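# Chains, contacts and geometry: an overview
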Amino acid sequence: MNEPELPNHPHDADALDRDALDSAIEQALRRQFPVPPSVDTLAARLRPGGGARRAPWLVLATAAAVAGVVGAAAWLRSEATPSAPAPEVVEQAPSEAAPSFCRLVGPVLEGLPGLGALQSPDLARLYRDMDACQESSESTACGADDDLAQRLSTTYGQSLALRPEAAGRLHGPFGSEEWPTATIVTARTDGETAVLVADRGTTLECCVRMRLAEDSGLQLFTLEVGDLFLAEISPHSEPRLLAYFE
Amino acid sequence: MTPSGPRPAPRPGLSAEEFSARFQAGARVLWTLAAGLLGDPAEAEDVCQEAFLAAYARRADFEPGTDFLAWMGRFVRNVSANELRKRARRRTLRTDPVLLDQDEALGASVEPGPGPQQLDERLLAGLRELGEVPRTCFLLRTLRELSHAEIAALLSIPEGTAMSHFHRARLFLRARLDPAFHGAKP
């Protein structure tokens, strides 16, 4: 390799000076624009099927609606029931005779976050949707025998207890496309609906960006129980539902 | 067993595995593309995630044999443009005097002062002054060492235009950083 020649002309000195400046610019650029390590695993994290999968009841319902053919729906059911791998959520698809939304189990997406889980949930819209769910004539409050805490524990792998006074007050669990990996319950307190959303803390950290407009008139309260993240959306100035969980 | 009826035509596009592998191979370039268009590395990953999801859903539209990065670049550019539009709307609503004070403080921070930190501040200020496309050309060439042809494909511009943007950006940044550079030298 040849040694670089020393400048013996003002123009050469200028050129060296420019090279040094260019090098300084490049170094500053690399300092200010470092690629986050998480970029190197983006595809693995985001690829659908690599993590989350659609809840079986949602797959069934969607397929049946699209097909609109009794035979096709029956075929899909027979395909999904015996040969599908055991889902993480213990609860199976709600039967048509399910008495209330209490039997309808969220979340829309099970397991680790995947396609759709990155959408930023609009909490005000979520609140309105869930308020409507609660007001539905089909909705009744969960009783002690609904094992809501056990369902959440099974879904998110985090043990959780529900205080006895919650029995008969909480409606749900619901699922929402607005926040696909969340399980949602609601309750009426002081004449207003409060909405409680549960999801994994790790999911929230990597893949959920909550949005709540300042003029929504709603407040957001949060609680972490191990890796379980609980968020209460409420028009009240203090949380009412978080206290039920411990 | 004999097949009955004509076979369906092979589906064009990419399988989930092919798409993921190609995306990952170009993820750093796509991140840099987003960072350049936004002028901010902080939100580039979010843009890449959204672009991934949008492109994944359309992966059947990809024509085999064509430039995957150029195809992905369209998604990144569209998502970035949406993000910039959102920002513009947010800016027009900004009336909080505390935030306005912060803006003034940011402006003041690029005034001359000793040290390499000032070099970085000058660089960021200079990059903000550059347009989106020249800034992106400069970042892709300097950080990812792409050819002008590759940059042109990513941005859907002629190769000569990509080259011109890069050189103009370099001259501009040299002029902006030269005083700070000489001030920082021992």
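Residues numbered from 1 in each chain as written. Chains lettered and ligands numbered in written order. Predicted model: local features only at pLDDT ≥ 70, side-chain atom pairs only at ≥ 80, totals over all residues.

## So, the confidence of the model for chain A
Residue and element names in this part refer to chain A. So the rule is basically this: What pLDDT reports is the predictor's confidence in each residue, on a scale of 0 through 100. Throughout, a pair of residues is in contact if the C-beta atoms placed from their backbones lie within 7 Å.
This prediction gives chain A a mean pLDDT of 68; 59% of its residues lie at or above 70. Counting contacts from residues 1–8, a segment whose pLDDT is below 50, to residues more than four positions away or on other chains yields 3 contacts. Note on residues 50–103: pLDDT is under 50 here. Beyond four places in sequence and across chains, it has 71 contacts.

## Examining the interface of chain B and chain A
Condition: To qualify as a helix, a DSSP run of H or I must reach at least 4 residues; to qualify as a strand, a run of E must reach at least 2; elements of each kind are numbered from the N terminus. Note on residue classes: Ala, Val, Leu, Ile, Met, Phe, Trp, Tyr, Cys and Pro are nonpolar, Asp, Glu, Lys and Arg are charged, and everything else, Gly too, is polar.
Across the contact, 26 residues belong to chain B and 23 residues belong to chain A. Those elements that provide at least two residues to the side of chain B that touches chain A are α1 (16–25), α2 (27–38), α3 (44–57), α6 (116–129), α7 (132–143) and α9 (159–184) of chain B. Its residues placed into classes, the side of chain B that touches chain A shows 17 nonpolar, 4 polar and 5 charged.

## Quick notes on helix α8 (residues 148–155) of chain B
Residue and element names in this part refer to chain B. This is how the line gets drawn: Labels follow a simple rule on C-beta atoms placed from the backbone: if 20 or more others lie within 10 Å of a residue's own, it is buried; if 12 or fewer, it is exposed; otherwise it is partly exposed.
Across the 8 residues of α8, 6 count as buried, placing the element largely inside the fold. Inspection of α8 places His148, Glu150, Ile151, Ala152, Leu154 and Leu155 among the buried residues, and these make up the whole buried set. Directly beyond the C-terminal end of α8, a positive phi value near 55° is found at Ser156.

## Side note on the confidence of the model for chain B
Residues and elements named next belong to chain B. For chain B, mean pLDDT is 80; residues scoring 70 or higher make up 76% of the total. Per-element confidence in chain B ranges from a low mean pLDDT of 40 for helix α5 (residues 97–108) to a high of 96 for α2. Scored below 50 in pLDDT, residues 91–114 shows 12 contacts in the model against residues more than four places distant or in partner chains. On the interface metric, ipTM, the complex scores 0.80, and its pTM is 0.49.

## Notes on the sheet that holds strand β3 (residues 171–174) of chain A
Residues and elements named next belong to chain A. In plain terms, the rule: The criterion for strand pairing is that DSSP finds at least two bridges linking the strands in question. Fitted lines through C-alpha atoms give the axes, limited to the stretch in contact for helices. The angle between two N-to-C directions lies from 0 to 180 degrees.
Strand order in this open sheet of 5 strands is β3-β4-β5-β7-β6, and the pairing throughout is antiparallel. Of all strands in the sheet, those with a lone pairing partner are β3 and β6 (219–225), marking the two edges. Pairs of neighbouring strands in the sheet enclose a mean axial angle of 20°, with direction left out of account. For β3 and strand β4 (residues 183–189), the ladder comprises 2 bridges, and the chain directions are antiparallel. Directly across from His171, in β4, lies its bridge partner Thr186.

## Some details on the environment of Val225 of chain A
Residue and element names in this part refer to chain A. By secondary structure assignment, the location of Val225 is in strand β6. With 19 C-beta atoms packed within 10 Å, Val225 lands in the partly exposed category. Along the primary structure Val225 and Glu246 are separated by 21 residues, whereas in three dimensions their C-alpha atoms are 7.4 Å apart. Discounting chain neighbours no more than four positions away, the residues touching Val225 are Gln158, Leu160, Leu230 and Phe245.

## A closer look at the nonpolar core
The line we're drawing: Residues of type Ala, Val, Leu, Ile, Met, Phe, Trp, Tyr and Cys that are buried and joined through C-beta atoms within 7 Å form what is called a nonpolar core. For every domain, the bounds stem from an assignment made automatically or drawn from a database.
In terms of nonpolar packing, the biggest core is built from 52 residues, with Leu30, Ala34, Cys48, Ala51, Phe52, Val76 and Leu140 of chain B touching the most fellow members. Sort the elements by how many residues they give to this core and α2 of chain B lands first, with 9 residues. Per-domain counts for this core show at least three residues from each of domain 1 (14–93) and domain 2 (111–186) of chain B. If we ignore the near neighbours within four places in the chain, the residues touching Phe52 of chain B are Leu42, Ala43 and Leu46 of chain A together with Phe23 of chain B. Of all hydrophobic cores here, the second largest spans 34 residues; its members include Tyr156, Leu162, Ala187 and Leu228 of chain A.

## Concerning unusual backbone geometry
Phi is positive for Glu145 of chain B, which is not a glycine, with a value near 55°. Tracing the backbone shows Glu145 of chain B in the loop between α7 and α8.

## Topic: the packing of α2 of chain B against α3 of chain B
Residue and element names in this part refer to chain B. This is how it is decided: Just so you know how the angles are binned, under 35 degrees is roughly parallel, over 145 roughly antiparallel, 65 to 115 roughly perpendicular, and the rest oblique. By convention the crossing between two helices is left-handed if the near helix lies anticlockwise of the far one by an angle smaller than a right angle, and right-handed if it lies clockwise.
Between α2 and α3, the shortest axis-to-axis distance is 8 Å and the interhelical angle comes to 120°. Looking at the two axes, α2 sits oblique to α3. For the element pair α2 and α3, the recorded crossing hand is right-handed. Of the residues in α3, those touching α2 at Ala27, Leu30, Trp31, Ala34, Ala35 and Leu38 are Ala44, Glu45, Val47, Cys48 and Ala51. Of the residues in the contact of α2 with α3, the class split is 10 nonpolar, no polar and 1 charged.

## What to know about the packing of α2 of chain B against α7 of chain B
All names here are of chain B. Between α2 and α7, the shortest axis-to-axis distance is 8 Å and the interhelical angle comes to 145°. Note on packing geometry: the crossing formed by α2 with α7 is right-handed. Contacts between α2 and α7 involve Val29, Thr32, Leu33, Ala35, Gly36 and Leu37 from the former and Glu132, Arg135, Thr136, Leu139, Leu140 and Leu143 from the latter. Looking at side-chain class alone, the contact of α2 with α7 contains 7 nonpolar, 3 polar and 2 charged residues.

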